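Here is what each chain is made of, one letter per residue.
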Amino acid sequence: MIYVAGIVITFFLSFILLTKKGKSIADRILFVWLCVILAQLILFSIIHSGKYLQFPYLLGLEIPLSFLHGPFLFFYAKALTGGNISFGRVSFHFIPYTISFLLILPFLLLELEEKTTVYQNDGQGYKMLSSLITCGVIISGITYTVLSIRTLKKYKSHIKNNFSYTEKIKLEWLFRLIIGLSCIWVLVFFADDEIIFTSVVLFVLFIGYYGIKQVGIFTNQPPLELSSVLETPKATELLIAPLENVKYEKSSLTDDHAHKIHNRLVHLMDEKKAYLIPELTLAMVAKELGVHPNSLSQVINTVEQKNFFDYINTLRIREFMKQAANPNNKKYTLLSLAYECGFNSKTSFNRNFRNLTGQSPSEFLKKAKARID
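Computed from a predicted model, the values in this text were never measured in an experiment.

## Some remarks on the overall build of the chain
Inference 1: Counting its secondary structure elements, the chain contains 16 helices and 0 strands.
Inference 2: As displayed, the chain has an accessible area near 20100 Å², and 60% of this comes from carbon and sulfur atoms.

## Quick notes on the layout of surface pockets
Inference 1: Approximately 1200 Å³ is the volume found for the largest pocket.
Inference 2: Along the walls of the largest pocket sit 38 residues, with Glu 62, Ile 63, Tyr 119, Ser 130 and Asp 193 positioned nearest its centre.
Inference 3: Elements with a contribution of two residues or more to the lining of the largest pocket: α2 (25-48), α4 (95-108), α5 (112-120), α6 (127-162), α7 (172-190) and α8 (193-211).
Inference 4: Each residue belonging to the lining of the largest pocket can be placed in one class, and the counts come to 25 nonpolar, 8 polar and 5 charged.

## Concerning the pattern of salt bridges
Inference 1: For the coordinates displayed, the defined rule picks out 4 salt bridges.
Inference 2: In this structure, Asp 256 and Lys 260 form a salt bridge, with 3.6 Å as the shortest nitrogen-oxygen distance. Note that Asp 256 and Lys 260 are positioned in helix α10 (residues 255-271) at a spacing of 4 residues, about one turn of the helix.
Inference 3: Residue Lys 272 pairs with Glu 288 through a salt bridge whose shortest N-O separation is 3.1 Å. Of this pair, Lys 272 sits in the loop between α10 and α11 (282-289) while Glu 288 sits in helix α11; the two residues are 16 residues apart in sequence, bridging distant segments of the chain.
Inference 4: Using a relative accessible area of 42% as the deciding quantity, one classes Lys 272 as partly exposed.
Inference 5: Glu 288 gets classed as partly exposed once you look at its relative accessible area, which sits at 26%.

## Looking at the packing of aromatic side chains
Inference 1: Evaluation of the coordinates by the stated rule reveals 17 aromatic pairs.
Inference 2: Ring plane angle 10 degrees and centroid distance 4.0 Å describe the contact between Phe 44 and Phe 197, whose orientation is recorded as stacked. Highlighted residues: Phe 44 in helix α2 and Phe 197 in helix α8, separated in sequence by 153 residues. Like Phe 44, the residue Phe 197 is buried in the burial classification.
Inference 3: A centroid spacing of 6.3 Å and a plane angle of 55 degrees characterise the contact between Phe 74 and Tyr 144, whose relative ring orientation is tilted. A residue pair is termed long-range when its members are at least 10 positions apart, and Phe 74 in helix α3 (residues 69-80) and Tyr 144 in helix α6 qualify at 70 residues. Note on accessibility: Phe 74 and Tyr 144 belong to one class, buried.
Inference 4: The ring of Phe 175 has Lys 156 lying over it, and the distance from NZ or CZ to the ring centre is 5.7 Å.
Inference 5: Positioned above the aromatic ring of Phe 343, the side-chain terminus of Arg 316 is 5.9 Å from the ring centre.

Scoring rules and cut-offs
Residues numbered from 1 in each chain as written. Predicted model: local features only at pLDDT ≥ 70, side-chain atom pairs only at ≥ 80, totals over all residues. Heavy atoms only, no water. Helix = DSSP H or I, 4+ residues; strand = E, 2+ residues; numbered from the N terminus. Areas by Shrake-Rupley, 256 points an atom, 1.4 Å probe, with all protein chains shown as cover. 1 Å grid on protein atoms, 1.4 Å probe; cavity = no way out; pocket = protein on both sides within 12 Å on 5 of 7 lines; lining within 4 Å. Points joined across faces, edges and corners; volume = space filled by probe spheres on them. Nonpolar A, V, L, I, M, F, W, Y, C, P; charged D, E, K, R; others polar. Salt bridge = Lys/Arg side-chain N within 4 Å of Asp/Glu carboxyl O. Buried < 20%, exposed > 50% of the residue type's maximum accessible area, 1.4 Å probe, protein only. Phe/Tyr/Trp six-rings, centres within 6.5 Å; stacked < 30°, edge-to-face > 60°. Lys NZ or Arg CZ within 6 Å of the ring centre and 35° of its normal.

None of this, on its own, says anything about what the molecule does.
Encoded structure:
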């Protein structure tokens, strides 16, 4: 039975997280979330198989658990994107669960025979309450889907302002996870329990494939000196800054100071070609220039009219054009030149090239009559 398979898989994933060394906050949140899913799958399996007659005291306990998935999705998204989780406010997100538990408390206090009779008669006497709880679950699902997508959107904006690359840190799989769970909430309204919990099992498989394999993004490693990285451009151990809210309107940075920082930035890029480092970050450049990352970000946004990601990749594209026009580089492939110019994937190179020039690299080379294999 698929539910048994789901229970085994969920237990296995929970065990992996429980025994994992150096667990992050995201890992801990995912572990508790999987335990909730495990409990719900076990309870549903008992009810669906008709074995609830042997465990009538468990009847009803599965109902409020549906209100926990939204908060855990939101907390997990916040933890993965480096957002601050105020544990003092965590209890606020469990109010719907508490309310639903109090609503079904009269049922939970019934005699075991009475509870069994209600389930045998498809919830007779509690159908209005059941409909109310179902609507609450859907509203909760919509609310936390929106909150989670907003969190992911803020994170994407953070990436553009702090990183020159997006590979391995885009968390597109997290967006798919959010959409997947939202689809289950839609099924709550249209489908029966069997279809809903089958989709839950598939959702657990999704978490197992992506969530367990996700690589930690924000670390506590000490800053890396940009000067040392320039000597080894392929370095991969980089400083990654935590997610911050930057409000430029409150900045004390003057126009004169901003232009000085910009001139030093241009000099760094022209002379040392820092943009050739595939995994360059705003924090690394700011440390090399001796300025605060927020100030540097403001300078790039206001003077260059670009975020850090677009600014660095524009320099890389220009470098590629320059190298492609050099007759001595005819022996190199298009992709090898792209790698030499700081890109670390074909997809990233093609996407950025088209965004800047409005054409593909091949089209550009054909028009420029550059002959590169």
